[in-house]
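Topology and contacts: notes
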Amino acid sequence: MVPRMVDRPSAGSAARPLVMVSNRGPVSFRHDEAGEIVARRGAGGLVSGIGPLMAGTGAVWVAAAMSDADREVAATGVTDVEGFRFRALAVDPDDYRAFYDVMANAALWFVHHGLYDRARRPVIDRQWWAAWAAYGTVNQAFAEGVAEVAPEGAVVLVQDLHLCLLAEPLAVSRPDLDLVHFSHTPFAGPDDLRVLPDDARTALLRGMAGHRACGFHTARWRDAFVASCRADGVEPPATFVSPLGPDVDDIGGVAAGPAGAAALADIEETVGDRRFIARVDRIELSKNLIRGFLAYEDLLDRRPEWREGVVFGAYVYPSREGLPEYLAYRTEVEGIVARINDRFATADWTPVLYDATDDFPRSVAALRRADVVLVNPIRDGLNLVAKEAAVVNERDGVLVLSPEAGVWDELANAVIPCHPFDITGTADALHEALALEGEPRQALSARWRKLSTARNPADWLADNLAAAD
Ligand code: F6P
């Protein structure tokens, strides 16, 4: 799927020019069979949440060249593609791997999401310190890239844990710019952040504090950041809380399009009149896929009345396959799915439909058809999908939600909660959501829809721009 142009007056045509900076770009490139370079929408929450808002606005988006085709595009400077003014940045591939795989994904991501098995990891060795150096090198390259393309007096919106060290070099080279940092992840509180060595930890906090303001999806992550700054004697910058909202037009357009309709017909045919549980996620440790499937298995074990009466559709897509943890996680997830299907399947019922093909219209179709949507992260910055599902759902669906999801603060009154580590409790929550009938179901579902659409991406952008002034 590629982003559509949207008719919004905001980014880039506002009083001040705008530059967006993130590791993953709004589009990625690949060579097709004829060797031609083709663009497609980038993956992940940030891009699906903010991409449509920025397309067609004239704002420049600076992001890393992640594939060989991206590198070819990077060599051409700023490219106009799919409605974006896009600047792909190519850095040394070894530096990039160390920056992305080792430091951003295996270190900072694990710290902020509380994923370390601390008896074994992290191991802060020479390789780790080399990756830390590469993190600085790549941040410096981003700072130079931004300095090159940013119009005079621009607001620069810096996204996520990959890019915490831009503010200091840009303050020297481009003092005319105003930088705002936004974290799409949780933020570790002082105790968890102490896993990082002192030098690296304080450099990250100082780097973030160098922005005009730092934004977070919830007060919980904001408070953790401020507490972490204080614990290390770093004066926190101005902060703001701005949860992202769903792009109703964009996701509605995908739902209504021909690929969405075909996918829905396909799901309908397989599921029939059974109840349907859906989840849509990256194959990502923090999403807690394994315990979600274990809870479903427990449901089928303890409540046999659901056998043949429910299907669990998991529309998941591969992520960060350069990391052994993610490959092992995927293998484990797929083993559990196979076991559940082996144990319970009958001639005309498959308990779990597992689809790892990264097919966005199909994922949206599943959310339309879902009677229950499961979002049970161990810890997560927002989980925009929990709101997007409410936008497209057509079945008075019910959301089963972990209180560790960033959206919890906004949606708590409209969901059935599940403790992410409690498999028995999650199975009970699935049962409750499946069994809910009539008016109580409609009321809960309507509340979920209302709270989910209270904000939209333009609100998020407005908050970020206001923080720059
Ligand atoms: O949600 C946080 C985030 O880092 C987003 O910025 C990104 O789009 C998503 O996770 C996916 O991560 P990656 O770009 O590593 O696939």
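Computed from a predicted structure; not experimentally measured.

Across the sheet, eight strands lie side by side as E5-E6-E4-E1-E7-E8-E9-E10; this open sheet has mixed pairing. Each edge of the open sheet carries a strand with a single partner, namely strand E5 (78-81) and strand E10 (238-241). Pairwise comparison of adjacent strand axes, ignoring direction, gives a mean angle of 25 degrees for this sheet. Here strand E1 (residues 18-22) runs beside strand E4 (residues 60-64); their pairing, made up of four bridges, is parallel. Bridging across to E4, Ser22 finds its partner in Ala63. Contacts from helix H8 (residues 219-231) reach strand E9 (213-216) and E10 within the one sheet, and its direction differs from that of E10 by about 160 degrees.

Here we take up the packing of helix H4 (residues 126-149) against helix H7 (residues 198-209). Packed helices, taken two at a time, are described by the angle between their axes plus the distance between the axes. Contact geometry for H4 and H7: axes closest at 12 Å, N-to-C directions at 20 degrees. Taken together, the axes of H4 and H7 lie roughly parallel to each other. When the axes of H4 and H7 are compared, the crossing they make is left-handed. Note on element contacts: H7 touches H4 through Ala200, Ala203 and Leu204, opposite Trp128, Trp132 and Tyr135. Across the contact of H4 with H7, the residue classes tally to six nonpolar, no polar and no charged.

With that settled, consider the side chain of His211. Here His211 lies in the loop between H7 and E9. Overall, His211 belongs to the buried group, its relative accessible area being 4%. Among the polar contacts made by the side chain of His211, one reaches the main-chain carbonyl oxygen of Gly207 at a distance of 3.3 Å.

Another point: helix H17 (residues 438-452). Given a rise of 1.5 Å per residue, 15 residues ought to cover 21 Å, and the 21 Å separating the end C-alpha atoms of H17 matches this to within 8%. Residues Arg441, Leu444, Ser445, Trp448 and Ser452 constitute the buried set of H17. Buried residues along H17 cover an arc of 95 degrees about the axis, so they all sit on one side. Pointing more than 90 degrees away from the buried face of H17 are the exposed residues Glu439 and Lys450.

It is worth spelling out the confidence of the model for the protein at this point. Per-residue confidence for the protein gives a mean pLDDT of 94; residues scoring 70 or more make up 96%. Confidence over residues 1-14 falls short of pLDDT 50; this stretch has 36 contacts with residues more than four positions distant or in other chains.

Next up on the list: the nonpolar core. Phe293 and Tyr296 are the most contacted members of the largest nonpolar core, which has 167 residues in total. When residues of this core are assigned to their parent elements, the largest contribution, twelve residues, is made by helix H3 (residues 93-113). Discounting residues that sit within four places of it in the chain, Tyr296 has contacts with Ile277, Val310, Val311, Phe312, Ile340, Trp349, Pro351, Val352 and Leu430.

The interhelical angle for the contact between helix H9 (residues 248-256) and helix H14 (residues 385-392), taken along N-to-C directions, is 60 degrees, at an axis separation of 10 Å. Considering the angle they form, H9 stands oblique to H14. In the crossing of H9 with H14, the sense of the turn from one axis to the other is right-handed. On H14, the residues touching Val248, Ile251 and Ala255 of H9 are Glu388, Val391 and Val392. Taken together, the residues of the contact of H9 with H14 sort by class into five nonpolar, no polar and one charged.

Another aspect to go through is the pattern of salt bridges. Taken as a whole, this structure holds 39 salt bridges when the rule is applied. With its nearest N and O atoms 3.8 Å apart, the salt bridge here joins Arg40 to Asp358. With a gap of 318 residues between them, Arg40 in strand E3 (residues 37-41) and Asp358 in the loop between strand E13 (352-355) and helix H13 (360-369) connect regions that are remote in the sequence. With a closest N to O distance of 3.6 Å, Arg275 and Asp371 form a salt bridge. Here the residue Arg275 occupies a position in strand E11 (residues 275-282), and Asp371 occupies one in the loop between H13 and strand E14 (372-375), the gap between them amounting to 96 residues. What makes Asp371 buried here is its relative accessible area of 2%. By sharing partners, the salt bridges in this structure join Glu268, Arg275, Arg369, Asp371, Arg395 and Glu437 into a single network.

Take the sheet that holds E11 next. Taken in spatial order, the six strands line up as E13-E12-E11-E14-E15-E16 in an open sheet, and their pairing is parallel. Edge positions in the open sheet fall to E13 and strand E16 (416-417), since each of these has one partner strand only. Set on the sheet, helix H11 (residues 289-302) makes contact with E11, strand E12 (310-317), E13 and E14; between it and E12 the angle comes to about 170 degrees. Packed on one face of the sheet, H14 meets E11, E14 and strand E15 (398-401) and runs near 170 degrees to E14.

Rules of the game
- Residues numbered from 1 in each chain as written.
- Predicted model: local features only at pLDDT ≥ 70, side-chain atom pairs only at ≥ 80, totals over all residues.
- Heavy atoms only, no water.
- Pairing = 2+ DSSP bridges.
- Helix = DSSP H or I, 4+ residues; strand = E, 2+ residues; numbered from the N terminus.
- Axes fitted to C-alpha atoms, helices over the stretch in contact; angles between N-to-C directions.
- Contact = heavy atoms within 4.5 Å.
- Parallel < 35°, antiparallel > 145°, perpendicular 65-115°, else oblique.
- Left-handed = near helix turned anticlockwise from the far one by under 90°.
- Nonpolar A, V, L, I, M, F, W, Y, C, P; charged D, E, K, R; others polar.
- Buried < 20%, exposed > 50% of the residue type's maximum accessible area, 1.4 Å probe, protein only.
- Polar contact = N/O pair within 3.5 Å; in protein donor to acceptor, adjacent residues only side chain to side chain.
- Expected span 1.5 Å × (residues − 1).
- Arc of directions from axis to C-beta.
- pLDDT = per-residue confidence, 0-100.
- Core = buried A, V, L, I, M, F, W, Y, C linked by side-chain atoms within 4.5 Å.
- Salt bridge = Lys/Arg side-chain N within 4 Å of Asp/Glu carboxyl O.

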